[in-house]
Amino acid sequence: MNRILEIFSFSEEVPLIFTQANFWIFFAVIYFIYALLYRKTSLRSAYLFAISLLFYYKTSGLFVGILLFSTLNDFFLGKLVYQSASVLVKKIAIAVSVIINLGTLCYFKYAYFFTDSYNALFHTKYEVFNHLAHWANTMGAVDYFTIDKIILPVGISFYTFQTISYSIDIYRKQIKPLDSIIDFGFFVSFFPQLVAGPIVRAADFVPQIRKQISISKVDFGRATFMILRGLIKKMVFADFIAMNFMDRVFDMPEMFSGFTNIMAIFGYSLQIYGDFSGYTDIAIGLALLMGYRLPVNFNSPYKAIHCGDFWKRWHISLSSWLKDYLYIPMGGNRNGSMFSYGFILVFTFLGVLAISNYGIAVLAATGVGVILIITIFSSGLAKHFNTNVNIMITMLIGGLWHGAAWKFVIWGGLNGLGVVAYKYWRKISPYEASKAWYTLVWRIALTFVFITFTRVYFRGNSMDHIDRFYHQVMTNMDWGNAVLVLWEYRLVFVIMLLGYITHWLPYSTKGKIERFFIKSHLSLKLGVAVIVAIICYQTYAADFQPFIYFQF
């Protein structure tokens, strides 16, 4: 009983994470109650909303207030957009929604990024001061919040995008607003996907809120399969290889050979896939156990044959969100806009300034400015520029969404260049139309290597840290000891190999395995679950590792 009380009370040291036994005790308790009331629609929504708020409180403490603020804001603004007969009022309401949501996101996530960039640009020494925390402290008798730093609330990037899309979809007349704030709060805060996605569209989820719940044997089997698969991805293919190899290398890349660093970055590609897609699998499985369907967020991304294909397979909910709410409104692949041109000019200047010096930044921005001017007089150049500028902006913003640092912008920009470069390459590629197996393998391998090496900017702690990685790769490969490295970390590399093999299995093979599990007897499902649990909990050697995407 004390254990259950501990699980349901707040503790910064013990957040609820899918890979901890505490979470599964928590879920067993709430699922038992859910089974008693799920047929009563209104009570079901209220119950899951309350449980989701409790879950978020367990994860982020008093930051649950930010979640409630976002919920209230967009619920009433959505109603205003729908009910108003004035187009101007609708646009003002949408603008308010976007400004409030993005303003809140920027305050918590990008305060240090903007402050550091401003200091670098104007040679000042401003420090971040948490005005919101200071105001909250003055409202009470106790100083609840620290004012000398801004802490990022878990999952704010996900639920912020979710509430923005709700208001915009109402404006576009794609959905009608929800009548009940409880239903809307449930949509925003549904706990399986609250802190790390996938980003759920209202048009997909809202129709499920009031429907009659029916969980078939097939749904139960598929949900169980997704959960077990997610646990293996996270705890075996992500956490084990990170704790026993990659974290050591990335902490001090200069202490290891270039070959070891390369093996670590290939391991990181498996880790981040196992970590994020593992979380998504568990989230989808948990939701399905309760009768709700979440969108697919990954589709074997390392089978991609070019960079654009990769981003149609990786974090699909974010990629499609950026396409529908940023890329297409900017003009898509047809038109540029003043926003497009201004954004690319400013980002070129600031980006180069961040990694170089003022003179080179001015020179780079001037070059881009000249190109923009030429596009006014050259329709041919304008066509090429307009076709690609919005892709680059979308990828740059996508990079910045992942983290408040220029290294994430560079990572996004490199992926944008990869997408653009392929658009031109495919026009002259001698093997574009080839159906040969070795052509497919080559294209997958080339894309995978490109994606992997750009991730150095994603994983590196700083630009200096990234430079040290590349320095070792360029100057100290140490091929003579490569076999020794492989032998020393043989278990890690065997697991890495198994992870990639299972990822590259044909869809038909994976489908057969899933269907076999779904149709199997309950005793077999239970036996597999026990084996997976034993394997997972035998692979960690230290504390549980948080999900990587919690920081976004």
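Residues numbered from 1 in each chain as written. Predicted model: local features only at pLDDT ≥ 70, side-chain atom pairs only at ≥ 80, totals over all residues. Heavy atoms only, no water.

For the chain, the count of helices and strands is 23 helices and zero strands. Classification of the 552 residues of the chain by burial places 53% in the buried group. Sequence-distant contacts in the chain: of pairs separated by 6 or more residues, those separated by 24 or more amount to 75%. Looking at the chain as shown, the accessible area adds up to about 26300 Å², and 68% of this sits on carbon and sulfur atoms. (Helix = DSSP H or I, 4+ residues; strand = E, 2+ residues; numbered from the N terminus. Buried < 20%, exposed > 50% of the residue type's maximum accessible area, 1.4 Å probe, protein only. Contact = heavy atoms within 4.5 Å. Areas by Shrake-Rupley, 256 points an atom, 1.4 Å probe, with all protein chains shown as cover.)

Turning to the packing of aromatic side chains, a few remarks are in order. Scanning the entire structure with this criterion turns up 63 aromatic pairs. Between Phe23 and Trp24, the aromatic rings sit 5.1 Å apart at their centres with planes inclined by 85 degrees, giving edge-to-face as the arrangement. Aromatic pair Phe298 and Trp314: ring centres 5.0 Å apart, planes at 90 degrees, arrangement edge-to-face. With a gap of 16 residues between them, Phe298 in the loop between helix H11 (258–289) and helix H12 (307–311) and Trp314 in the loop between H12 and helix H13 (316–330) connect regions that are remote in the sequence. Its guanidinium or amino end placed over the ring of Tyr507, Lys303 lies 3.8 Å from that ring's centre, counting from NZ or CZ. (Phe/Tyr/Trp six-rings, centres within 6.5 Å; stacked < 30°, edge-to-face > 60°. Lys NZ or Arg CZ within 6 Å of the ring centre and 35° of its normal.)

As a further point, take the side chain of Lys90. Mapped onto the secondary structure, Lys90 falls in helix H5 (residues 87–122). Although Lys90 lies buried, it forms no salt bridge, and the closest oppositely charged side chain, Asp169, sits 14 Å away as judged by the N-O distance. (Lys, Arg positive; Asp, Glu negative; His and termini not counted. Salt bridge = Lys/Arg side-chain N within 4 Å of Asp/Glu carboxyl O.)

The gaps of empty space that remain are located by a probe, the size of a water molecule, rolled over the atoms. Space inside the second largest pocket adds up to approximately 1200 Å³. Lining the second largest pocket are 44 residues, with Phe225, Arg229, Lys233, Asp281 and Lys510 sitting closest to its centre. At the level of secondary structure, the elements contributing two or more residues to the lining of the second largest pocket comprise helix H10 (217–251), H11, helix H21 (490–503), helix H22 (507–519) and helix H23 (522–538). Classifying every residue of the lining of the second largest pocket by side-chain character gives 26 nonpolar, 11 polar and seven charged. (1 Å grid on protein atoms, 1.4 Å probe; cavity = no way out; pocket = protein on both sides within 12 Å on 5 of 7 lines; lining within 4 Å. Points joined across faces, edges and corners; volume = space filled by probe spheres on them. Nonpolar A, V, L, I, M, F, W, Y, C, P; charged D, E, K, R; others polar.)

Turning next to the packing of helix H4 (residues 64–83) against helix H7 (residues 156–171). Viewed as axis vectors pointing N to C, H4 and H7 meet at an angle of 10 degrees, and their least axial separation amounts to 8 Å. On the basis of the axis angle, H4 is roughly parallel to H7. Here Ile66, Leu67, Ser70, Asp74, Gly78, Val81 and Tyr82 of H4 come into contact with H7, specifically with Ile156, Tyr159, Thr163, Ile164, Tyr166, Ser167, Ile170 and Tyr171. Looking at side-chain class alone, the contact of H4 with H7 contains 10 nonpolar, four polar and one charged residues. (Axes fitted to C-alpha atoms, helices over the stretch in contact; angles between N-to-C directions. Parallel < 35°, antiparallel > 145°, perpendicular 65-115°, else oblique.)

This brings us to H10. Along an α-helix, a turn takes 3.6 residues, which lines up residues three or four apart on a common side. Largest kink in H10: about 60 degrees, centred on Ala242. Among the 35 residues in H10, 26 count as buried, and that is most of the element. (Bend = angle between axes of the 7 residues up to and from the residue.)

Moving on to unusual backbone geometry. If you check the backbone angles, Lys173 has positive phi at about 65 degrees while not being a glycine. Relative to the elements of secondary structure, Lys173 occurs in the loop between H7 and helix H8 (181–189). Here Ser300, not a glycine, exhibits a phi torsion of approximately 45 degrees, which is positive. Ser300 sits in the buried class, given a relative accessible area of 7%.

With that out of the way, let us pick up the nonpolar core. Counting 145 residues, the largest nonpolar core has Phe23, Phe187, Phe190, Phe205, Phe245 and Tyr292 as the members making the most contacts within it. With 19 residues, the top contributor of residues to this core is H11. Filtering out sequence-adjacent residues up to four positions away, Phe205 remains in contact with Phe186, Phe187, Phe190, Val200, Tyr292 and Leu294. (Core = buried A, V, L, I, M, F, W, Y, C linked by side-chain atoms within 4.5 Å.)

A few words on the side chain of His402. Position of His402 among the secondary structure elements: in helix H16 (residues 379–402). In this structure the side chain of His402 is engaged in a polar contact, spanning 2.7 Å, whose partner is the backbone oxygen of Gly398. (Polar contact = N/O pair within 3.5 Å; in protein donor to acceptor, adjacent residues only side chain to side chain.)

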